[in-house]
Number of protein chains: 2
Amino acid sequence: MDLDDLPTPALILDRARLARNTQAMTERVKALGVGLRPHMKTAKSADVAGLAVDGNFGGITVSTLNEAEYFLGHGITDITNAVCIVPAKLDQAAALIDRGADLKLITDNAGVAKAIAAHPGPRDGAFKVLAEIDCGEHRTGVVPESADLLDIAGTLAAAAKAEFAGVLTHAGHSYACRTEDDMAAVAEEERAGAVRAAERIAGAGIPCPTVSTGSTPCVMFARDVTGVTEVRPGVYMFGDLFQAGLGTRAIDEIAISVLATVMAHGRDRNQVYIDAGGLALSKDRATAALDDDCGYGLVCDAQTAEPIPGLRVASVHQEHGQVTGDGPLPFDDLPVGSKVRVLPNHVCMTAAAYDAYNVIDSDEGGGGTEVIATWGRCNGW
Amino acid sequence: MDLDDLPTPALILDRARLARNTQAMTERVKALGVGLRPHMKTAKSADVAGLAVDGNFGGITVSTLNEAEYFLGHGITDITNAVCIVPAKLDQAAALIDRGADLKLITDNAGVAKAIAAHPGPRDGAFKVLAEIDCGEHRTGVVPESADLLDIAGTLAAAAKAEFAGVLTHAGHSYACRTEDDMAAVAEEERAGAVRAAERIAGAGIPCPTVSTGSTPCVMFARDVTGVTEVRPGVYMFGDLFQAGLGTRAIDEIAISVLATVMAHGRDRNQVYIDAGGLALSKDRATAALDDDCGYGLVCDAQTAEPIPGLRVASVHQEHGQVTGDGPLPFDDLPVGSKVRVLPNHVCMTAAAYDAYNVIDSDEGGGGTEVIATWGRCNGW
């Protein structure tokens, strides 16, 4: 089947771009000399994970236990769930470990550490738990100097059915940076915070084997990773318009787009309507924070995925995307019934509206628009 | 199972509130003296549709052919797909008619009308098509005075396998109103535009049996519906914070909430983190346009769904919701592991992240927090 035959809206994944992105990150992280534990919260796909772990040690990161269960079912065992665990989910975590997962959890809370220590745990083995460190984002996490940090590590290290596994941090404030120097500075803040926390723990006589850092911008622009053992970028696999604005991936490296059909013209208002609206693109407006606001996405040629100059989705209703441009729209090139592709603002949000990727390969012959595979996604909780 | 035992995040539907909302709208529309064709794009659930059509003529509105197929599979046949059809979807539409759907399509384009007329059509019967009218929203639709309107009606009326079924309009600009008088004025604009279009068509000798109008605000505040045959509100079934701001549903009538677990405390920053983030709540920020900006949702008691004064989800990451308040947060009442419910900004977007509703009934005994049913949803395209 060709792209042109797909019902719209549809999620398109260009395998050629994906493979270049995953290979580039694997090489970048090898050059840094740390492990790459790709974050699968964006792709939520075993097929994508296959490319992301290729050439690396095989571990992944997830954002829900539902994802952990999905990836375990697809043969990936070394999994870190990088969102603070709540006590009610420990039974599910124990069951995953009993099924063979080498699962790592995180917490930033001394009470939760005690709840983990008090839980009967998996049949064999133990809960492996990392302490989440706040390295400056001020989301979740304990600061490296906090008393809670040693409390958490001590509680877990002393527990029969738990094991203190190290520290983990996420410098999400790198997303507020606009220059490579600023991102490098946040990456250093991240490294220094995680390493300082690890040193305090080790200084208290508790082994701290893992020091885990890394958003896509931090990994791309870090200048020193001394003391770090692994990094966990995720969005680099696909890229998106926000990442293009940060400079981590170029627009022609974005591997995901939404195929849409032109369904109406508003010639008097210089508007074209496509059948990809708020549900198909998401309501994310990440690029509103950039100099180059892409609205709800950039409109591209359906065959080549090259942006049509100036065209963007300016507003959305549930099933309507309203396209505008810098000048008069090329109505004759976009007749009702014709197709376009839309590059997403924030791919994690856009991809979540779909159960599957329609995979093409732009390096293949015939224009590279043949749908060569359908790759499933694991959504929900 | 009780609410407290549900894995989080989870979508909660209060059947008592839903039933009151659907009954109130049925009575309102009966008082207006028109038909109620509830729009199922919000709920996408056959169980909800059962309540919405109860006491009405049985027809529904949908926003995708995928929804039409789902509802047909659940025994509802009278279905209007109120988004402009594109030619590539006519085969699917014909197949639905062949399976028994009394399906109505819409278009605002003379070229699409010709494509419909040229299509082989369903085996028996014909495509029933309404012309979409722009009554002032300036999204899709032809203006009542346009030459295209008569062209579309004439093309369809003359076709062997199509039937011109009437006019349909949506006054989405009612969402920009902030007073009942303003909403009543938009409702009158909507009515007048649709009726004017129908009169022009009838004046050209083409029957125009259906005159379809109606967003939730327009139906709630319309003062005259002369000439209208049916209305298509949808979000009234559930309500949300934006609708509460408009005054169409009160906060204690909102039937949908997201159950979430407190996963971390940021006491030094006066923040609580819940496990419902951008995916679980959506990135919709509709209430940003209101005086009372609710962020990404209002935080409520998990048992009663009563708002905890001042608490809202101020920002979201993929799986993190960051809760703030007007004053110091009640940390001791919200320990890590405790549950809250979050009322959504825009329920159409929030509900779309879930495959199913966990149904409770707040009128039942025992606090009304027992999960009495699971109702499926039809997502995707």
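Residues numbered from 1 in each chain as written. Chains lettered and ligands numbered in written order. Predicted model: local features only at pLDDT ≥ 70, side-chain atom pairs only at ≥ 80, totals over all residues.

A. Here's a closer look at the overall build of chain A. Within chain A, the regular secondary structure consists of eleven helices and 17 strands. Taking 2.2 N^0.38 as the reference for a compact globule, 381 residues should give roughly 21 Å; the C-alpha atoms of chain A span a radius of gyration of 22 Å, in line with that estimate. Taking the principal axes of the C-alpha coordinates as reference, chain A spans close to 70 × 40 × 35 Å. Within the span of chain A, comprising 381 residues, buried residues form 59% of the whole. Long-range contacts, defined here as pairs at least 24 residues apart, represent 67% of the contacts in chain A between residues at least 6 apart. (Helix = DSSP H or I, 4+ residues; strand = E, 2+ residues; numbered from the N terminus. Rg over C-alpha atoms; globule rule 2.2 N^0.38 Å. Buried ≥ 20, exposed ≤ 12 C-beta atoms within 10 Å, placed from the backbone. Contact = placed C-beta atoms within 7 Å.)

B. Region of the structure containing the sheet that holds strand β9 (residues 230–231) of chain B. Residue and element names in this part refer to chain B. Strand order in the open sheet formed by eight strands is β2-β9-β8-β7-β6-β5-β4-β3, and the pairing between neighbours is parallel. What marks the edges here is a single partner per strand, and that holds for β2 (35–36) and β3 (60–62). In this structure, β2 lies alongside β9, joined through two bridges in parallel fashion. Opposite glycine 35, over in β9, you have glutamate 230 as the bridge partner. Where helix α3 (residues 65–73) meets the sheet, its contacts fall on β3, β4 (78–81) and β5 (102–107), and the angle it forms with β4 comes to roughly 170°. (Pairing = 2+ DSSP bridges. Axes fitted to C-alpha atoms, helices over the stretch in contact; angles between N-to-C directions.)

C. Seen up close, the domain arrangement of chain A. All names here are of chain A. You can read the domains of chain A as domain 1 (3–11 + 249–376) and domain 2 (15–237). On a C-alpha basis, the centroid separation for the pair domain 1 and domain 2 is 33 Å. Among the secondary structure elements, those contributing two or more residues to the side of domain 1 that touches domain 2 are α11 (347–351), β16 (356–360) and β17 (373–376). Looking at the side of domain 1 that touches domain 2 residue by residue, the classes come out as eight nonpolar, two polar and four charged. (Domains from an automatic or database assignment. Nonpolar A, V, L, I, M, F, W, Y, C, P; charged D, E, K, R; others polar.)

D. Main features of the pairing of strand β7 (residues 162–169) of chain A. Residues and elements named next belong to chain A. Counting buried positions along β7 gives seven out of eight residues, so the element sits mostly inside the fold. A crossover connection joins strand β6 (residues 127–133) to the parallel β7 through helix α6 (residues 147–158); in handedness this β-α-β unit is right-handed. Examined bridge by bridge, β7 and strand β8 (residues 210–213) share three bridges and lie parallel to one another. Within the sheet, the bridge partner assigned to leucine 168 lies in β8 and is serine 212. The parallel pair β7 and β8 is bridged by helix α7 (residues 180–203), and the resulting crossover is right-handed. (Right-handed = clockwise from strand over helix to strand, strands pointing away.)

E. α6 of chain A, seen in detail. If you check α6 of chain A, its first and last C-alpha atoms are 17 Å apart, about what twelve residues at 1.5 Å a residue would give, namely 16 Å. In this structure, the buried side of α6 of chain A is in contact with β5 (102–107), α5 (110–118), β6, β7 and α7 of chain A. (Expected span 1.5 Å × (residues − 1).)

F. View of unusual backbone geometry. Following threonine 8 of chain A, the chain continues to proline 9 of chain A via a peptide bond in cis, the omega torsion being -5°. Here proline 9 of chain A is to be found in the segment before β1 (10–14). Despite not being glycine, serine 282 of chain B shows a phi value in the positive range, around 80°. Note that serine 282 of chain B resides in the loop between α10 (278–281) and β12 (298–301). For alanine 305 of chain B, which is not a glycine, the phi torsion comes out positive at approximately 60°. If you trace the backbone, alanine 305 of chain B turns up in the loop between β12 and β13 (307–316).

G. Broad picture of the packing of helix α6 (residues 147–158) of chain B against helix α7 (residues 180–203) of chain B. Residues and elements named next belong to chain B. The contact between α6 and α7 brings their axes to 10 Å, and the two run at 55°. Taken together, the axis directions place α6 and α7 in an arrangement best described as oblique. In this structure, α6 crosses over α7, and the sense of that crossing is right-handed. Listed contacts from α7 to Leu149, Leu150 and Ala153 of α6 are Ala197, Arg200 and Ile201. Within the contact of α6 with α7, the residues separate by chemical class into five nonpolar, no polar and one charged. (Parallel < 35°, antiparallel > 145°, perpendicular 65-115°, else oblique. Left-handed = near helix turned anticlockwise from the far one by under 90°.)

H. View of the relation of the copies chain B and chain A. Take chain B, turn it by 180°, move it 0.0 Å along the axis, and it overlays chain A with an RMSD of 0.0 Å. The superposition of one copy onto the other is thereby described by a two-fold rotation axis. The C-alpha atom lying nearest the rotation axis in chain B is that of lysine 283 of chain B; the distance is 2.6 Å. Looking at the interface residues of chain B, 100% of them are also at the interface in chain A, so both copies use one shared face. (Least-squares fit on C-alpha atoms with pLDDT ≥ 70 in both.)

I. Here's a closer look at the sheet that holds β6 of chain A. Residue and element names in this part refer to chain A. Spatially, the eight strands line up as an open sheet ordered β2-β9-β8-β7-β6-β5-β4-β3, and their pairing is parallel. Strand pairing shows two members of the sheet lacking a second neighbour, β2 (35–36) and β3 (60–62), which therefore form its edges. Bridge count between strand β4 (residues 78–81) and β5: three bridges; the pairing is parallel. Counted as the bridge partner of aspartate 78 is aspartate 102 from β5.

J. Region of interest: the nonpolar core. With 268 residues, the main nonpolar core has Val342 of chain A together with Val342 of chain B as its most contacted residues. The contacts of valine 342 of chain B, once residues within four sequence positions are left out, are Ser257, Val258, Ala260, Ala276, Leu281, Gly297, Leu298, Val299, Cys300 and Val313 of chain B. (Core = buried A, V, L, I, M, F, W, Y, C linked by C-beta atoms within 7 Å.)

K. Broad picture of the environment of lysine 161 of chain A. Residues and elements named next belong to chain A. Following the sequence through the fold, lysine 161 ends up in the loop between α6 and β7. In the structure, lysine 161 is positioned 36 residues away from glycine 125 in sequence and 7.0 Å away in space, judged by C-alpha atoms. If sequence neighbours within four positions are ignored, lysine 161 has contacts with His119, Pro120, Gly121, Ala126 and Phe127.

L. Summary view of the interface of chain B and chain A. On the side of chain A, 44 residues touch chain B, which itself brings 44 residues to the contact. The set of elements that each furnish at least two residues to the side of chain B that touches chain A consists of α5 (110–118), β10 (256–266), α10 and α11 (347–351) of chain B. Ranked by residue count, the leading element in the side of chain B that touches chain A is β10 of chain B, at four residues. When its residues are assigned to classes, the side of chain B that touches chain A shows 18 nonpolar, 17 polar and nine charged.

M. Fine view of the pairing of strand β7 (residues 162–169) of chain B. In this sheet, β7 of chain B lies alongside strand β6 (residues 127–133) of chain B in parallel orientation, the contact comprising seven bridges. The residue of β7 of chain B that forms the bridge with lysine 128 of chain B is glutamate 163 of chain B.

N. The arrangement of the environment of glutamate 188 of chain B in detail. Turning to its location among the elements, glutamate 188 of chain B is positioned in helix α7. Apart from residues no more than four positions distant in its own chain, glutamate 188 of chain B is found in contact with Arg223 and Asp224 of chain B.

O. Up close: the confidence of the model for chain A. Of all residues in chain A, 100% have pLDDT values of 70 or greater, and the mean over the chain is 97. Overall fold confidence for the complex sits at a pTM of 0.97, while the interface term, ipTM, reaches 0.97. (pLDDT = per-residue confidence, 0-100.)

P. Examining the environment of leucine 149 of chain B more closely. All names here are of chain B. Take leucine 149: it is sitting in helix α6. It is 12 Å that separates the C-alpha atoms of leucine 149 and alanine 202, two residues lying 53 residues apart in sequence. Leave out the neighbours within four places in its chain, and leucine 149 touches Ala131, Val142, Pro144, Ala197, Arg200 and Ile201.

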